[in-house]
Structure formats: C-alpha cells, structure tokens
Amino acid sequence: MDALTKHEQILRHIESLKLGSRISVRKIAKNMEVSEGTAYRAIKEAENQGLVSTKERIGTVRVEKKLRQNIDKLTFAEVVNMVDGQVLGGSRGLHKTLHKFVIGAMEQDAMMRYIEAGSLLIVGNRNKAHSCALEQGAGVLITGGFDTSAEVKLLADKLELPIISSSYDTFTVASMINRAIYDRLIKKKIMLVEDILASGASLYALKANSTLKDWQRLSEDTGYSRFPVVDEWNRIIGVVTSKDMVGANALQTVDKLMTRSPLTVTPQTSVASAAHMMVWEGIELLPVVDTNRKMVGVLNRSDVLKAMQYIQKQPQNGETFEDLIWSGLEEVRAENGTLQFHGVITPQMTNHLGTVSEGVLTTLMTQAAYRIVQEFKKGDLVMDNMSTYFLKPLQIDSKIEIRPTIIEVSRKFGKIDVEIYHAGALVSKAMLTAQVI
C-alpha cells in the first residue's frame, strides 16, 4: 500500500467521522499530531471534496458527500448559504438533504397536506406552522427576516431539523433555490472523467528505474505501448511511449527516456476538456491524478472518443446560456438545399443600448458552424481561430437569417464561413477554423 502523507491521513480521518460531527482546526491538529496549518489545508480540501460544510456561527460539520446521480438534491446547509440565512435552531441537521420545498401561502390545515419528511417549508412569521412542519420531519425557512419562538427553536434542536431565517421575500428565496437546482442539473449532464474511468480496473505504470525490458514485458502483457511513469509514492513524473524506446539500451532506465512533467487531468475534469487537450497536444494518453498528483487512472484516446460519441446521442435539455440563446432559432432549408437558421433578437440578447450583444452574435455564428459541420461529419469541434466582422447594429425584435457555408472539411480540420442577414442586408460575418474530434 502506498505511504500516506499527513494531509491524506487527515482526509481519511475526516471521512471516517459520523455525519453531523463538528470539526475544528485545533481539534484535528491535536488528534492527528500535526500543525494547525496542515490541519487547515486538509479541512479546506475536505470542503472542496464535499466531505464537510462550513457556515458562519455554526462552524465546520461533516456532511454526506453527494454522488453525481444525486447532485440535484440540496442540503439544508447549502440552502443557508444560498439565501444568506441565519440558523435559529437545529444546526445538527444541516447535513440532511431535502427533496422538495413547499411555499406556505395557504391555511395551515391545507399547508400540512403538502409537508412531509425531508421537505422544506418556506413561510413567514407563523410560529404554529413552524412547529407543525418540524413535527412532520420538515425543515423551515422563515422569510422576511422574522424570528420564531424559543419553543420552536428547542423543538428544532431536539429533532435535529434546521430552522432558518432569511431577509429575502418568499418569491426571491424560491427563485434562488430553483436556480440552484437548474445549475446542478446542468452539471449532472456534463460527463466527467470520473464517469468513464473503469472502477477497480488495473493500473499499469512503470517506475523511474524500470528498464526497456520492463517496458517490453508490460507491453506484451497488456497490449499497450504507452505507460505513465510514477515515483515511489505513485505520483506521476512522466510518460513513456514506443517512440521513446527506439534505439534504447536494454538496461537503460525509463527516467532517461520518458517525457517529463506530462499533461494530466483530474477525475472532475470534463470529458470534453480531456478530448480537446488530446487533440490540441496530439497525445494518446492522459494520466488521471488526485489533488496530491497520485495516479488514480489513465485515459486513452479511444476511451474519450467513445464517451464523446455517447454524449452526442444524449438528449440536450440543459439551461446554459448557449442553450437559451440558440433555443429560439429554427432550422430552415433554402431552395438550393443549403441549411439556414431563422430567428428573432430577444431582449435577453441585447446590451444596455438596446442593440444585440457582440458576444451573442459570436455564439450564434459558432453554433451555426457546429451544426452545419455535423451534417457532413459527426463529431465535436475544437475552435482554433475565429475572425468576426460586425457591420451593422441589430435592434430588439429584428428577424435574422444565419447562413453557414462549409469551405472545407477534412478528417481533422474544418473551415466554415458564417453570415447573418437582416432584411436582406449583411450585418455580421465570421470565418472559423476548427479541429474535428
């Protein structure tokens, strides 16, 4: 087993703590016999990994780490951060997740029919509703900055269900929570490296003192010709390929032949970023490392391309800015059979002067280029260069036509010309060059 650093030992210790346990720098430093600086850095890393949550006046608490399939579920602690809330009681339940929220804008008897364990009641200063919601296993968010009674606070502490106060009104609070859930759904659909790493798969690597014979033996056993090189702590120090071995002495060590300081990715890197990195750099292998640069896996180009093909087949129902900008455009076939896109400039696309933003026009032209290339060649594009010309301003409600034209598409590269017209006049033009994955 690899030797663990003090930093890793602290992370393991934090992971072993019960959910809801309070954590402090001083306590960790004393228990693990490390400096407070080392303890602080480890706690911050645990927070980045989702193992703990920190909130002013409450402190740092061990929470349940979210799985990506449950990323759309919020914890009460996250709601507190979202609404700039103050925890009035039940702070030991902040790590719990909620599966729905209920707006208490009705008579209490009617309200209680919608409240169940794991929900969050958003309501004003109605103490009876606060206590009833807690008794049914729900947390409470009081809007308008109101307080609640001492009895309700004691009940919240006893049941370990948070009661939170926020100065925002009900509509604003509900909008904030809805926006957060949408953002999580967008993250959920983005495929990460950790999603395609084979769980429990053998990791093949060479040591710095491995020889050409070791490389040959490992290559015969695995069928691969490229391997990461690690030190005694399993940290990545290089990558070696068959090209590096040409003309090498049989007993020569790989640390004299390898490519040092190779590009790496983390499990949280998006698959698209990994694919773009491989295309840009012309590499076939990407080591996957953790925060201590220890190897946790390896990506081959074939793994990434299979994942990209899978992504393209999935329904796209996100709410990113790109999705929203493009959603109003209609695909149209011109009389000569060429693909065009028709739409209207909406208020959201404009700047403070009431004319369309240059960034929006750039996005429209880029998306049109991607879509016309996909007609000829399935795959993703990595933008190399884009020259844009903005000839005339466009107002709100202007009807536009986007006319992309492929100049050249090869196996690896594409050149596309895109023009935007309004009332028959050219208003914007772009020339794009891109690499095709």
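Residues numbered from 1 in each chain as written. Predicted model: local features only at pLDDT ≥ 70, side-chain atom pairs only at ≥ 80, totals over all residues. Heavy atoms only, no water.

Draft legend 1. Region of interest: the overall build of the protein. Helix and strand content of the protein: 15 helices and 22 strands. A buried classification covers 43% of the 437 residues belonging to the protein. A separation threshold of at least 6 residues defines the contact pool for the protein, and within that pool the share at least 24 residues apart is 54%. Surface exposure of the protein reaches about 23600 Å², of which carbon and sulfur atoms provide 50%. (Helix = DSSP H or I, 4+ residues; strand = E, 2+ residues; numbered from the N terminus. Buried < 20%, exposed > 50% of the residue type's maximum accessible area, 1.4 Å probe, protein only. Contact = heavy atoms within 4.5 Å. Areas by Shrake-Rupley, 256 points an atom, 1.4 Å probe, with all protein chains shown as cover.)

Draft legend 2. Looking closely at the sheet that holds strand β18 (residues 339-344). Taken together, the 6 strands give an open sheet; going across it, the order is β17-β18-β20-β21-β22-β19, and neighbouring strands pair in antiparallel fashion. On the outer flanks of this sheet lie β17 (330-333) and β19 (381-390), each paired with one strand and no other. Mean inter-strand twist for the sheet, computed between neighbouring axes without regard to direction, equals 25 degrees. When β19 meets strand β22 (residues 425-436), the two strands line up antiparallel, connected through 9 bridges. Residue pairing across strands places L381 opposite V436, the latter belonging to β22. Contacts between helix α12 (residues 271-281) and the sheet are confined to β19 and β22, with β19 contributing the most and set at about 85 degrees to the helix. Packing against the sheet, helix α15 (residues 358-376) makes contact with β17, β18, β19, β20 (399-409), β21 (413-422) and β22, and its axis sits at approximately 130 degrees to β19. (Pairing = 2+ DSSP bridges. Axes fitted to C-alpha atoms, helices over the stretch in contact; angles between N-to-C directions.)

Draft legend 3. How the structure looks around helix α1 (residues 6-16). Among the residues of α1, those classed as buried are H7, E8, I10, L11 and I14. Seen end-on, α1 carries its buried residues on one side only, within an arc spanning 160 degrees. (Arc of directions from axis to C-beta.)

Draft legend 4. Spotlight on the pattern of salt bridges. Evaluation of the coordinates by the stated rule reveals 12 salt bridges. Here K429 and D417 are joined by a salt bridge, their closest N and O atoms 2.8 Å apart. Here K429, found in strand β22, pairs with D417, found in strand β21; they are 12 residues apart in sequence, far enough to count as distant. Through salt bridges with shared partners, a single network forms among D417, E419 and K429. (Salt bridge = Lys/Arg side-chain N within 4 Å of Asp/Glu carboxyl O.)

Draft legend 5. Spatial organisation of the nonpolar core. Counting residues in hydrophobic clusters, the biggest one holds 29 residues, and the most contacted among them are L364, I402 and V418. Of all elements in the fold, only α14 (321-326), β18, α15, β20, β21 and β22 reach the threshold of two or more residues within this core. What L364 contacts, discounting residues up to four positions off in sequence, is I325, W326, L329, I400 and I402. One finds M111, L121, L155 and L161 within the second-largest nonpolar core, a separate group that totals 19 residues. (Core = buried A, V, L, I, M, F, W, Y, C linked by side-chain atoms within 4.5 Å.)

Draft legend 6. Highlighting the sheet that holds strand β5 (residues 86-89). The 5 strands lie next to each other as β5-β10-β9-β8-β7, forming an open sheet whose pairing is mixed. Two strands close off the open sheet at either side, each with one partner strand: β5 and β7 (100-103). Sheet twist, expressed as the mean angle between neighbouring strand axes with direction ignored, is 25 degrees. Two elements, β5 and strand β10 (residues 163-165), share 3 bridges in a ladder whose sense is antiparallel. Looking at β10, one finds that V87 is bridged to I164. Docked against the sheet, helix α6 (residues 127-135) engages β8 (119-123), β9 (139-142) and β10, running at close to 155 degrees with respect to β9. Of the strands in this sheet, β5 and β10 touch helix α7 (residues 150-159), which is tilted by about 90 degrees from β5.

Draft legend 7. Structural detail: the packing of aromatic side chains. Within the structure shown, the criterion is met by 1 aromatic pair. In this structure, R403 is placed above the aromatic ring of Y421, and the distance from its NZ or CZ to the ring centre is 3.9 Å. (Phe/Tyr/Trp six-rings, centres within 6.5 Å; stacked < 30°, edge-to-face > 60°. Lys NZ or Arg CZ within 6 Å of the ring centre and 35° of its normal.)

Draft legend 8. The pairing of strand β15 (residues 285-289), seen in detail. For β15, the buried fraction is high: 5 of the 5 residues fall into the buried class. Side chains of β15 alternate between two faces, with L285, P287 and V289 and L286 and V288 buried alike. Examined bridge by bridge, β15 and strand β16 (residues 295-300) share 5 bridges and lie antiparallel to one another. Along β16, the bridge assignment pairs V289 with M295.

Draft legend 9. Region of the structure containing helix α10 (residues 212-222). If you check which residues of α10 are buried, you get L212, W215, L218, S219 and T222. One face of α10 carries all of its buried residues, which in axial projection span an arc of 125 degrees. Away from its buried face, by an angle of more than 90 degrees, α10 presents the exposed residues E220 and D221. Residues of α10 that are buried make contact with β11 (206-207), β12 (227-230), β13 (236-240) and α11 (242-245). In the stretch just after α10, G223 is the one whose phi turns positive, near 85 degrees.

Draft legend 10. View of the side chain of T355. With respect to the helices and strands, T355 occurs in the loop between β18 and α15. Beyond its immediate stretch of four places on either side in the chain, T355 contacts T350, P393, L394 and Q395.

Draft legend 11. Inspection of the packing of helix α2 (residues 25-32) against helix α3 (residues 36-48) at higher detail. Running from N to C, α2 and α3 cross one another at 115 degrees; their axes reach a closest spacing of 8 Å. Classified by the angle between their axes, α2 and α3 sit roughly perpendicular to one another. Of the two possible hands of crossing, α2 and α3 adopt the one that is right-handed. The segment α2 lies against α3, with V25, R26, I28 and A29 engaging E36, A39, Y40 and I43. Along the lines of polarity and charge, the residues of the contact of α2 with α3 split into 6 nonpolar, no polar and 2 charged. (Parallel < 35°, antiparallel > 145°, perpendicular 65-115°, else oblique. Left-handed = near helix turned anticlockwise from the far one by under 90°. Nonpolar A, V, L, I, M, F, W, Y, C, P; charged D, E, K, R; others polar.)

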